[in-house]
Amino acid sequence: MDLYEQRERRRAKLVADTPLTDLGYFQTNNCRVLPNRLELLHHLPGRGIVAEIGAAFGSYSAEILARNRPRELHLIDAWDTDRYRVGMKEIEKSFASEIRAGRLHLHQGYSTARLKKFSDNFFDWVYIDTNHTYQTTWEELVLCDAKVKREGHIAGHDFCTGNVVRPMVYGVIQAVAKFCAEYGWQYEYITLESHGHFSFCLKRLGL
Ligand SMILES: C[S@@+](CC[C@H](N)C(=O)[O-])C[C@H]1O[C@@H](n2cnc3c(N)ncnc32)[C@H](O)[C@@H]1O
């Protein structure tokens, strides 16, 4: 099998393994468009218990702290690849005072393993930004359904079908649509950055 054929087979498998879900009007009619994910931080409840799942070097964490002012911010990240390994050390250094004050907590490990360790109904909101595959995003969303309070919010990054610069297929849109349909959530905000790497935010149906 040549390289072209291998790539085509991988692509076909990805499509076959990623189910598509039709949304109802009731899942989108309360959704508002925001210009960017920084603005989103002003629309999420402040002074809460928050998780950023996939924090890398802490650049969005800094924005969460400054703009949303959570009571506690929990960063969950594997920090296990050459690209991101140094992120944890950098965060420990640049956010030393927040860590000492008990405002910032670091949890190293895979998102799905670490999320299970929190009590149910713990978070006011979470922001998912890990590997963007369909399977991981789906598992993270299902875990967050239990870990986020009834009136809470689930947000996340890279609400798009992939990275076209460094070719990579994402499954975030498909996982989020299936999650809304099966777990009773609706879209609350979508951001519309011109680079196309949008964020989403969900709340439960009926709220
Ligand atoms: C795109 S970066 C996060 C960027 C960050 N949210 C920001 O906006 O500044 C993705 C991060 O997710 C982490 N990651 C990837 N897959 C993961 C997984 N399955 N569990 C935990 N962390 C993961 C990587 O280590 C990396 O630090």
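In this report, the structure presented in the accompanying data block is examined. Please read all numbers here as calculations on a predicted model, not as lab measurements. (Residues numbered from 1 in each chain as written. Predicted model: local features only at pLDDT ≥ 70, side-chain atom pairs only at ≥ 80, totals over all residues. Heavy atoms only, no water.)

**Let's talk about the packing of aromatic side chains**
Here is step 1: Applying the stated criterion across every chain yields a total of 10 aromatic pairs.
Here is step 2: Here Phe-118 and Phe-123 contribute two aromatic rings whose centre-to-centre distance is 4.9 Å and whose plane-to-plane angle is 55°, an arrangement assigned as tilted. With respect to burial, Phe-118 and Phe-123 carry one shared label: buried.
Here is step 3: By the ring-pair criterion, three or more aromatic residues cluster together here, those being Trp-138, Phe-179, Tyr-183 and Trp-185.
Here is step 4: In this structure, Arg-37 packs its charged tip against the face of Tyr-60, placed 3.9 Å from the ring centre.
Here is step 5: Above the plane of the ring of Trp-138 lies Lys-178, whose end atom (NZ or CZ) is 4.8 Å from the centre. (Phe/Tyr/Trp six-rings, centres within 6.5 Å; stacked < 30°, edge-to-face > 60°. Buried < 20%, exposed > 50% of the residue type's maximum accessible area, 1.4 Å probe, protein only. Lys NZ or Arg CZ within 6 Å of the ring centre and 35° of its normal.)

**Regarding the pattern of salt bridges**
Here is step 1: For the coordinates displayed, the defined rule picks out 9 salt bridges.
Here is step 2: For the salt bridge of Asp-124 with Lys-149, the shortest nitrogen-to-oxygen distance reads 3.0 Å. Residue Asp-124 is found in strand 5 (residues 123-128), and its partner Lys-149 is found in strand 6 (residues 148-156); the two are separated by 25 residues along the sequence.
Here is step 3: With relative accessibility at 17%, the residue Asp-124 sits in the buried group.
Here is step 4: Overall, Lys-149 belongs to the partly exposed group, its relative accessible area being 24%.
Here is step 5: Here Asp-145 makes a salt bridge to Arg-204, at a shortest N to O gap of 3.3 Å. Highlighted residues: Asp-145 in helix 7 (residues 134-147) and Arg-204 in strand 10 (residues 200-204), separated in sequence by 59 residues.
Here is step 6: Here Asp-145 falls in the buried class, since its relative accessible area comes to 18%. (Salt bridge = Lys/Arg side-chain N within 4 Å of Asp/Glu carboxyl O. Helix = DSSP H or I, 4+ residues; strand = E, 2+ residues; numbered from the N terminus.)

**Describing the pairing of strand 10**
Here is step 1: The buried fraction of strand 10 amounts to 5 of the 5 residues, a majority that puts the element mostly inside the structure.
Here is step 2: Residues of strand 10 alternate between two faces, with Phe-200, Leu-202 and Arg-204 on one and Cys-201 and Lys-203 on the opposite face, all of them buried.
Here is step 3: Sheet topology places strand 6 next to strand 10; 4 bridges connect them, and they run antiparallel. Within the sheet, the bridge partner assigned to Ile-154 lies in strand 10 and is Leu-202. (Pairing = 2+ DSSP bridges.)

**A few points about the side chain of Lys-203**
Here is step 1: One can find Lys-203 in strand 10.
Here is step 2: One buried charged side chain, Lys-203, makes no salt bridge at all; its nearest oppositely charged neighbour is Glu-188, positioned 4.4 Å away.
Here is step 3: For Lys-203, the side chain forms a polar contact with the main-chain oxygen of Leu-207, separated by 3.4 Å.
Here is step 4: Once residues lying within four places of it in the same chain are set aside, the contact partners of Lys-203 are Asn-30, Gly-152, His-153, Trp-185, Gln-186 and Glu-188. (Lys, Arg positive; Asp, Glu negative; His and termini not counted. Polar contact = N/O pair within 3.5 Å; in protein donor to acceptor, adjacent residues only side chain to side chain. Contact = heavy atoms within 4.5 Å.)

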